[in-house]
Amino acid sequence: MNIADYRREYTQSGLNRKDLAADPLKQFERWFKQALDSDYPDANAMSLSTVSAEGKPSARTVLLKGLDDEGFTFFTNYNSAKGQDIAGNNQVALLFPWLQFERQVRISGTVEMLSPEASAEYFLSRPLGSQLGAWASDQSKTIASREALSDQFNAIAERFKDRSPTTPEHWGGYKVIPEAIEFWQGRESRLHDRFEYRLVEGLWEVHRLQP
Ligand SMILES: Cc1cc2nc3c(=O)[nH]c(=O)nc-3n(C[C@H](O)[C@H](O)[C@H](O)COP(=O)(O)O)c2cc1C
């Protein structure tokens, strides 16, 4: 295997300044809708990068569960490693790697917790198994075995056997409020199209970036 020889040209399409929406969230919606409409697998999967209070970065995949004029919503365990990073440093980055479309979208900004009511509304819409899983998993902590995890799950299932699970206090949503959003479309000879929207005094400015 020669990894250095593994490459391809990006030729599917281009991105023009005149075709961009004035608001990057609208532009994001267009690309996201195209991905959803073409049954792109896991189109709502995004990489979330956080930085600890000590400056140590880490990235992991989460699912986009909401999009509005303010930003991008995902749900997780507030006590997890990412939750602890966010508690100490609210600067985060998101990445949508829509590689089959030769596209990526990069987002950076700050993150805010959703209200307990908004988190509960989503939690209660989830399948029962996911609700119990959120209670059963002390996300990011070590555990001795798969059996120990099953025991935790079974204990929770027993606790809620006669009633619907409530929303755990340690679980809920975050909204990423963007300050910069970049749309990248692969082009031939690595001369890709890149447009970066940046929030300047409350208004979005757009610039083409060199690839
Ligand atoms: C496709 C995919 C979707 C995922 N979605 C979520 C999610 O929405 N929320 C979440 O907490 N973890 C999700 N995970 C698991 C995270 O990547 C990660 O393992 C977990 O949140 C623990 O991260 P942390 O220890 O850095 O906090 C997903 C993983 C994959 C591969």
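Since the model is a prediction, treat every value here as computed from it, not as a measurement.

### Observations regarding the side chain of Thr110
Thought 1: Within the secondary structure layout, Thr110 lies in strand β6 (residues 103-113).
Thought 2: Aside from chain neighbours lying at most four places away, what touches Thr110 is Asn90, Gln91, Lys175, Val176, Ile177 and Glu179.

### Quick word on the packing of helix α4 (residues 128-136) against helix α5 (residues 146-159)
Between two packed helices, the angle of one axis relative to the other and the distance separating the axes together describe the packing.
Thought 1: Where α4 contacts α5, the two axes come as close as 9 Å, and the packing angle between them is 115 degrees. Taken as a pair, α4 and α5 cross one another with a handedness that is right-handed. Contacts between α4 and α5 involve Gly129, Leu132, Gly133, Trp135 and Ala136 from the first element and Gln152, Phe153, Ile156, Ala157 and Arg159 from the second.
Thought 2: Here the contact of α4 with α5 is built from residues that sort into six nonpolar, three polar and one charged.

### Observations regarding the site of the ligand
Thought 1: If you check the shell around the ligand, you find Arg60, Thr61, Val62, Leu63, Phe75, Thr76, Ser80, Ala81, Lys82, Gln139 and Ser140 and nothing else.
Thought 2: The separation between a nitrogen atom of the ligand and a polar main-chain atom of Phe75 is 2.9 Å.
Thought 3: In isolation the ligand offers 620 Å² of accessible surface; the protein chains occlude 61% of this area.
Thought 4: The set of elements that each furnish at least two residues to the shell around the ligand consists of β2 (57-63), β4 (72-77) and α2 (81-88).
Thought 5: Among the elements that take part in the shell around the ligand, β2 stands out by supplying four residues, more than any other.
Thought 6: Each residue belonging to the shell around the ligand can be placed in one class, and the counts come to four nonpolar, five polar and two charged.

### Some points on the nonpolar core
Thought 1: By size, the foremost hydrophobic cluster in this structure holds 32 residues, and its most contacted members are Phe28, Phe72, Phe74, Phe96, Trp98 and Val105.
Thought 2: Looking at this core, the elements with two or more residues in it are α1 (24-37), β1 (45-51), β4, β5 (91-96), β6, β7 (171-185) and β8 (193-200).
Thought 3: For Val105, the contacting residues outside a window of four places in its chain are Phe28, Trp31, Leu94, Leu95, Phe96, Trp98, Ile181, Glu182 and Phe183.
Thought 4: Counting residues in each nonpolar core, the second largest holds ten residues, with Phe75, Leu114, Phe123 and Phe160 among its members.

### As for the pattern of salt bridges
Thought 1: Enumeration according to the criterion identifies 13 salt bridges in this entry.
Thought 2: The partner of Arg8 in a salt bridge is Glu102, and the shortest N-O contact between them spans 3.0 Å. A residue pair is termed long-range when its members are at least 10 positions apart, and Arg8 in the segment before α1 and Glu102 in the loop between β5 and β6 qualify at 94 residues.
Thought 3: A salt bridge links Glu158 to Lys161, with the shortest nitrogen-to-oxygen separation between them at 3.0 Å.
Thought 4: On the basis of relative accessible area, Glu158 is assigned to the partly exposed category, the value being 48%.
Thought 5: In the salt-bridge network here, residues are joined through shared partners; they are Asp68, Glu70 and Lys175.

Scoring rules and cut-offs
Residues numbered from 1 in each chain as written. Predicted model: local features only at pLDDT ≥ 70, side-chain atom pairs only at ≥ 80, totals over all residues. Heavy atoms only, no water. Helix = DSSP H or I, 4+ residues; strand = E, 2+ residues; numbered from the N terminus. Contact = heavy atoms within 4.5 Å. Axes fitted to C-alpha atoms, helices over the stretch in contact; angles between N-to-C directions. Left-handed = near helix turned anticlockwise from the far one by under 90°. Nonpolar A, V, L, I, M, F, W, Y, C, P; charged D, E, K, R; others polar. Near = heavy atom within 4 Å. Polar contact = N/O pair within 3.5 Å; in protein donor to acceptor, adjacent residues only side chain to side chain. Areas by Shrake-Rupley, 256 points an atom, 1.4 Å probe, with all protein chains shown as cover. Core = buried A, V, L, I, M, F, W, Y, C linked by side-chain atoms within 4.5 Å. Buried < 20%, exposed > 50% of the residue type's maximum accessible area, 1.4 Å probe, protein only. Salt bridge = Lys/Arg side-chain N within 4 Å of Asp/Glu carboxyl O.

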